[in-house]
Amino acid sequence: MLPSMIVVFVLIPFTCGQNPAIQVTLTNKGLQYGKYVGTGWIQDQLEHVTLPDISGEIDISIFGSVDYTLTGITITKYDFPEPSVEFYQDVTGFKTSISGLSVALTGGWLTHYGIIHDGGSFDMVIFSVDVTSVVALAKDPDGHLSVTSASCDAQVGDVDVRFYGGASWIFQPFVDHFKGRIRGEIEDRICPDVEESIVNLEYHLQAMNVSFDVDQDLTLDLPLTGLPVIDASSLNLGLKGEFYSIKTHADPPFESQPFTVPEQPGYMLSVGLSEFTLNSASYGYYSAGLFQALLNDSMIPPSSPVHLNTSSMGPFIPQLPKMFPGLLMNLQVYARQAPLFSFQPGAVKLDFQGAVQAFAIQPNGTQTPLFKLNVDSKFSGKVWIAGGTLKGSMAMNNLTLALASSEVGAFKTGAVESLARMGAMGALAKVNEKLGKGVVLPTMKQAQLVNTVLEVEEGFIAISSDAQVLLPDRSLN
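Since we're looking at a predicted model, the values are computed, not measured. (Residues numbered from 1 in each chain as written. Predicted model: local features only at pLDDT ≥ 70, side-chain atom pairs only at ≥ 80, totals over all residues. Heavy atoms only, no water.)

Peer 1: Help me out: how do you make sense of the state of the cysteines in this one?
Peer 2: Each disulfide consists of a covalent bond between the sulfur atoms of two cysteine residues. Applying the stated criterion across every chain yields a total of one disulfide. Paired through a disulfide, C152 and C191 show a sulfur-sulfur distance of 2.2 Å. For the disulfide bridge between C152 and C191, the dihedral angle about the S-S bond is near -85°, and by the sign convention the bridge is left-handed. In this pair, C152 is assigned in strand β8 (residues 145–164) and C191 in helix α4 (residues 175–207), connecting sequence segments 39 residues apart. On the basis of relative accessible area, C191 is assigned to the buried category, the value being 12%. (Disulfide = S-S within 2.5 Å. Helix = DSSP H or I, 4+ residues; strand = E, 2+ residues; numbered from the N terminus. Buried < 20%, exposed > 50% of the residue type's maximum accessible area, 1.4 Å probe, protein only.)

Right, dumping it as structure tokens:
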């Protein structure tokens, strides 16, 4: 019974001596909700449990030693008191206790004495079972969460047995002997079963991936950066939280900085996401050469007053149509450096340093370089959660152009800069339309986040939430 509760408590979202970029905190409120869910799940399972056979021998003075087996043992009724669970600082783990559990059982009995075989049925009641288990949490060398049984103690208060059928009249007077043997058998099996379940849980934890491919370009590393931290009211897990380019797997030229997520005891879970995680994703795309695009005239709406050809660009760069009359143009747009995000109270900032290389397309299809402009821009935005959806908005704070090189001679960039700002504002309008619709927060098969709030702090985003586990409806099973 206890192992199933331990599984619920340990599997909470769910490296290596560095500052964690993602921090996950399970509060006492979340732990107690886990207890509630685990208790309900165990009660459901108890109705379908068949217990292992119990075998032994009994010395009956008239017959001598008689072998017996209690088989087909099923639970008919139980009194399942509310268990207790707490964060346990002594071993960095959990302490779980059940006190006063009573179970009514039924089954069949078989005896073997020489060539004589007999059998019948029995009813059994186990009174006042007390179990206390302490589970320790740790980190293995690969950054997996590790669980071990630190201690287990089980006590069975009393057992009552009634035999029916066959020669049960012979065995009923020896119930006291049966009670002692069966009580001992049950008591001796509880902790090994608990510890076996913890070993199985450890096996599954070690088999879990700590690195995930997000798409064809990025992978996310999520091993633990250090040992789990437990105090009287919470469990904290620090995760690496770094994106890499699958193509280059290059480390970014910056490191994760320490941060502290404010305690939120009113919520079950808290997650702190540092700006390092977002910037590592940006660097991953940049190092793979993905922050670039080729613009041509076919991408410009026909109704636009400006098109990508040398004639249309004449009012902005007068010498261009004279040197290259009537030619279409291509613009190669790319990032000069990886775009960097910064989190400030209530706002997300983005700095983008890009460049635009312009080409004239000759009649034979070759491209002639014309000029290169450096583009420096700053954006700010807001993010929030509403109705289980992550939403946001962006605004452009600044955009400047500077002539980096030119094959057509020097020209003033003010008019081109105004044109670029207009184009950027149009693109932002489309981006904000999508951000306003938002992205639905991910859900698991049988769990979802509820009452979720998001706050942007200095250097990180803090997300606090309750969780709701969706247990199957037993009436449908």
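After that view of the structure, there is still more to cover.
Peer 1: Help me understand the packing of aromatic side chains in this model?
Peer 2: Two numbers describe a pair of aromatic rings. These are the distance of the centres and the angle of the planes. In the structure shown here, the tally under the stated rule is nine aromatic pairs. Ring geometry for Y33 versus Y36: centroids 6.0 Å apart, planes at 35°, classification tilted. Of this pair, Y33 and Y36 are both found in helix α2 (residues 28–46), three residues apart, which corresponds to roughly one turn of the helix. Following the ring pairs from residue to residue traces out a cluster consisting of F254, F276, Y283 and Y286. (Phe/Tyr/Trp six-rings, centres within 6.5 Å; stacked < 30°, edge-to-face > 60°.)

Peer 1: Just to check I follow, could you spell out the pattern of salt bridges for this structure?
Peer 2: A side chain of one charge can pair with a side chain of the opposite charge if their charged atoms are brought near each other. As enumerated under the stated definition, the model contains eight salt bridges in all. The partner of E82 in a salt bridge is K35, and the shortest N-O contact between them spans 2.8 Å. Taken together, the positions of E82 in the loop between β4 (64–79) and β5 (84–88) and K35 in helix α2 put the pair 47 residues apart, joining distant regions of the chain. Judged by relative accessible area, which is 64%, E82 ranks as exposed. The class for K35 is buried, based on a relative accessible area of 10%. (Salt bridge = Lys/Arg side-chain N within 4 Å of Asp/Glu carboxyl O.)

Peer 1: Explain α2 here, please?
Peer 2: Because each turn of an α-helix spans 3.6 residues, side chains separated by three or four positions in sequence point in the same direction. In this model α2 runs 27 Å from its N-terminal to its C-terminal C-alpha over 19 residues, within 8% of the 27 Å that 1.5 Å per residue would give. Of all the positions in α2, only G30, L31, Y33, G34, K35, V37, G38, T39, I42, D44 and L46 are classed as buried. (Expected span 1.5 Å × (residues − 1).)

Peer 1: Whenever I open this one, the side chain of N309 confuses me. Can you help?
Peer 2: In this fold, N309 is placed in the loop between β15 (292–296) and α6 (319–323). Judged by its relative accessible area of 18%, N309 is buried. A distance of 2.6 Å separates the side chain of N309 from the backbone nitrogen of S312, its partner in a polar contact. Once residues within four sequence positions are removed from consideration, N309 is found in contact with L327, L328 and M329. (Polar contact = N/O pair within 3.5 Å; in protein donor to acceptor, adjacent residues only side chain to side chain. Contact = heavy atoms within 4.5 Å.)

These figures capture arrangement, not role.
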